[in-house]
Amino acid sequence: MAKFWREDIETMSSEDMRALQSERLRKQVRHVYDNVPYYRNMMDNKGVAPDDIQSVDDLKKLPFLSKADLREAYPYGLLAVPLTDCVRIHSTSGTTGKRVVAFYTQHDVDLWEDCCARAITAAGGGADDVVQVAYGYGLFTGGAGLHGGSHKVGSLTLPMSSGNTERQIQFIQDLGATVLCCTPSYAAYIGETIHDMGLSPDDLQLKAGIFGAEPWTEEMRRSIEKSLGIKAYDIYGLTEISGPGVAFECCEQKGMHINEDHFIAEIIDPETGEVLPDGTVGELVFTSITKEAFPLLRYRTRDLCVLTRGKCACGRTLVKMAKPMGRSDDMMIIRGVNVFQSQIETVLIEQGYSPNYLIEVDRVNNTDTLDISVEMTAEQFSDKMKDLQDTERELASAITAMLGIRPKVHLVSPKTIARSEGKAVRVIDRRKLHD
Ligand code: ADP
Ligand code: ZN
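Residues numbered from 1 in each chain as written. Chains lettered and ligands numbered in written order. Predicted model: local features only at pLDDT ≥ 70, side-chain atom pairs only at ≥ 80, totals over all residues. Heavy atoms only, no water.

Visitor: Looking at this model, I keep getting lost on the packing of aromatic side chains. Mind explaining?
Guide: For any pair of aromatic rings, the description rests on two quantities: the centre-to-centre distance and the angle between the ring planes. This model, assessed by the stated rule, comprises 8 aromatic pairs. When the ring of Tyr76 is compared with that of Phe103, the centres are 5.8 Å apart and the planes differ by 35 degrees; the resulting orientation is tilted. Of this pair, Tyr76 sits in the loop between α4 (67–72) and β1 (86–91) while Phe103 sits in strand β2 (residues 101–105), placing them 27 residues apart in sequence. When its relative accessible area of 48% is taken as the criterion, Tyr76 is described as partly exposed. An aromatic cluster of three or more residues is present, and its members are Tyr76, Phe103 and Phe294. When the ring centre of Tyr104 is taken as origin, the NZ or CZ atom of Lys291, which lies over that ring, is 5.6 Å away. (Phe/Tyr/Trp six-rings, centres within 6.5 Å; stacked < 30°, edge-to-face > 60°. Helix = DSSP H or I, 4+ residues; strand = E, 2+ residues; numbered from the N terminus. Buried < 20%, exposed > 50% of the residue type's maximum accessible area, 1.4 Å probe, protein only. Lys NZ or Arg CZ within 6 Å of the ring centre and 35° of its normal.)

Structure follows, in structure tokens:
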């Protein structure tokens with residue numbers, strides 16, 4: 001039986017949801033127009049007045065906001081309330097460039113924590129659970145978001161932050177953590193360390209994990225579920241829109257429900273900006289309709305995914321987004337072929353390797369090169385040493401079948417690739433450095 005944090009909202013009919021969104025959107029557009037000169041100029045330049053926006057259907061009349069706009073407006077340019085009304089600042093991880101800062105009123109923090117409470121509840125968490133929060137605390141939104149959500153749900157919260165992996169495992173054991181929250185790459189690392197310490201999932205009481213903040217494949221999910229003996233749930237969010245909990249996975253584990261009472265989602269063609277129908281891959285765009293301090297309208301996330309509507313088997317009616325498999329600017333074009341890190345990860349895990357790998361792209365004599373270093377497990381290391389080159393060739397062929405271009409594969413010794421306690425960096429594109 002699915003558990004809900006806000007059943008009234010999470011199972012609302014699509015007509016009622018649209019009416020709620022339209023009402024909130026009208027208010028939000030007025031708020032932003034009146035209080036943010038940067039936004040007012042953008043709307044005036046496009047010839048759009050607040051009264052032109054009456055319902056969700058009118059959203060397309062509004063201009064988009066991009067990360068570049070946020071950087072230009074840094075730090076206070078998009079603030080929509082007096083600074084004295086704000087109680088918190090967070091910042092992006094800066095994965096793709098200069099950090100962006102976001103502001104929160106107490107109301108904004110409350111609604112964000114409410115979204116995270118929905119995610120914890122959907123993963124089966126409740127007042128009897130011990131929630132270990134191993135996302136980083138600080139400017140990063142991961143720690144604070146899940147921490148706040150866990151408090152709301154009434155779970156016993158362990159504010160571990162990331163790092164100190166052996167202590168994480170000691171607390172999982174000694175304090176009986178039942179829900180683990182961290183990045184999927186850190187979850188994989190914790191699972192690996194548990195194995196190295198001679199422990200098995202049966203020694204732990206963990207039942208669920210809530211993992212997000214970076215892309216991860218279905219293969220990675222299965223591998224983590226096995227190593228920790230849990231059900232692993234995806235969670236999505238971004239600092240600009242609030243933080244984790246913009247969307248969360250339910251027991252079906254087939255896409256994440258977007259908290260539509262707070263965020264309107266659209267999918268657009270990243271080239272033309274045209275709105276695409278449900279079921280089509282494109283760039284995800286969010287409009288926050290309840291935030292006070294930092295309300296972004298039509299913010300382009302650069303995350304590529306698909307939206308699907310309809311009632312989910314869990315009972316929720318909230319629109320679902322597929323796992324974003326990278327940002328539009330993360331797509332590598334190598335020898336003219338589009339390549340995503342996730343495709344390579346899929347092959348590696350399917351072939352029995354760990355998710356410890358590094359992709360390096362460069363340009364040598366005007367030709368793109370693709371080198372993939374793949375770490376062997378201790379068992380693979382002893383088995384495969386003698387036919388290392390054959391194994392590398394086989395793996396290169398499996399990747400070629402997926403990508404359409406041939407990489408050079410380098411099998412490397414166990415524990416030689418750096419582990420991640422936060423967001424993993426698995427691609428180095430040196431071509432960008434030459435440009
Ligand atoms: P930065 O953009 O600097 O990494 P954030 O920490 O706000 O800053 O990260 C938000 C981004 O992280 C999202 O736009 C998305 O690309 C990625 N992300 C977050 N959750 C997920 C997830 N569950 N799956 C894939 N990518 C995710
Ligand atoms: Zn569902």
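Visitor: What's the story with the domain arrangement of the protein chain in this structure? I'm lost.
Guide: Many structure descriptions define interface size as the accessible area lost when the parts assemble. If you check the domain split of the protein chain, you get domain 1 (1–324) and domain 2 (332–429). Distance between the C-alpha centres of domain 1 and domain 2: 30 Å. Listed by partner, the interface residues are 23 residues for domain 1 and 17 residues for domain 2. In total, about 1,500 Å² of surface goes out of reach between domain 1 and domain 2, with carbon and sulfur atoms giving 53% of it. By the criterion of area lost to domain 2, the three top residues of domain 1 are Glu192, Thr217 and Glu219, representing 29% of everything that side buries. One can count 3 salt bridges joining domain 1 with domain 2. We note a salt bridge from Glu192 to Lys415, for which the minimum N-O separation is 2.6 Å. Applying the counting criterion to the domain 1 and domain 2 interface returns 10 residue pairs in polar contact (both at pLDDT 80 or more). Put simply, the parts of the chain that give the side of domain 1 that touches domain 2 at least two residues each are α8 (184–196) and α9 (218–228). Considering each element in turn, the side of domain 1 that touches domain 2 owes the most residues, 7 residues, to α8. Grouping the amino acids of the side of domain 1 that touches domain 2 by side-chain chemistry returns 8 nonpolar, 11 polar and 4 charged. (Domains from an automatic or database assignment. Contact = heavy atoms within 4.5 Å. Buried area = accessible area lost by both parts, 1.4 Å probe. Salt bridge = Lys/Arg side-chain N within 4 Å of Asp/Glu carboxyl O. Polar contact = N/O pair within 3.5 Å; in protein donor to acceptor, adjacent residues only side chain to side chain. Nonpolar A, V, L, I, M, F, W, Y, C, P; charged D, E, K, R; others polar.)

Visitor: Mind showing me how you'd approach the sheet that holds strand β10 (residues 263–268) here?
Guide: Sheets are built from strands that pair by backbone hydrogen bonding, the pairs being arranged parallel or antiparallel. The 3 strands are arranged β10-β11-β12 in an open sheet whose pairing can be described as antiparallel. Across the chains shown, the open sheet's two edge strands, defined by having one partner strand only, are β10 and β12 (299–305). Mean inter-strand twist for the sheet, computed between neighbouring axes without regard to direction, equals 30 degrees. Where β10 lies against strand β11 (residues 282–288), 6 bridges are found, and the strand directions are antiparallel. Counterpart to Ile268 in the pairing with β11 is Glu283. (Pairing = 2+ DSSP bridges. Axes fitted to C-alpha atoms, helices over the stretch in contact; angles between N-to-C directions.)

Visitor: Hey, could you run me through the coordination of the zinc ion (ligand 2) in this one?
Guide: Angles at a metal have ideal values that depend on geometry: 109.5 degrees with four tetrahedral donors, 90 or 180 degrees with six octahedral donors. With distances of 2.1 to 2.3 Å, the protein atoms coordinating the zinc ion (ligand 2) are Cys250 (SG), His257 (NE2), Cys312 (SG) and Cys314 (SG). In this structure, the zinc ion (ligand 2) is coordinated by 4 donor atoms arranged in tetrahedral fashion, with angles at the metal of 103 to 115 degrees. Look at where the donors of the zinc ion (ligand 2) fall in the sequence and you get C-x6-H-x54-C-x1-C. Note that Cys250 is positioned in the loop between β8 (243–249) and β9 (256–258) and Cys314 in the loop between β13 (307–308) and β14 (320–321), a separation of 64 residues in sequence. We classify Cys314 as buried; its relative accessible area is 6%. (Donors = N, O, S within 2.8 Å, 3.2 Å for Na, K, Ca; no water. Tetrahedral: all angles 85-135°; square planar, octahedral: opposite > 155°, others 65-115°.)

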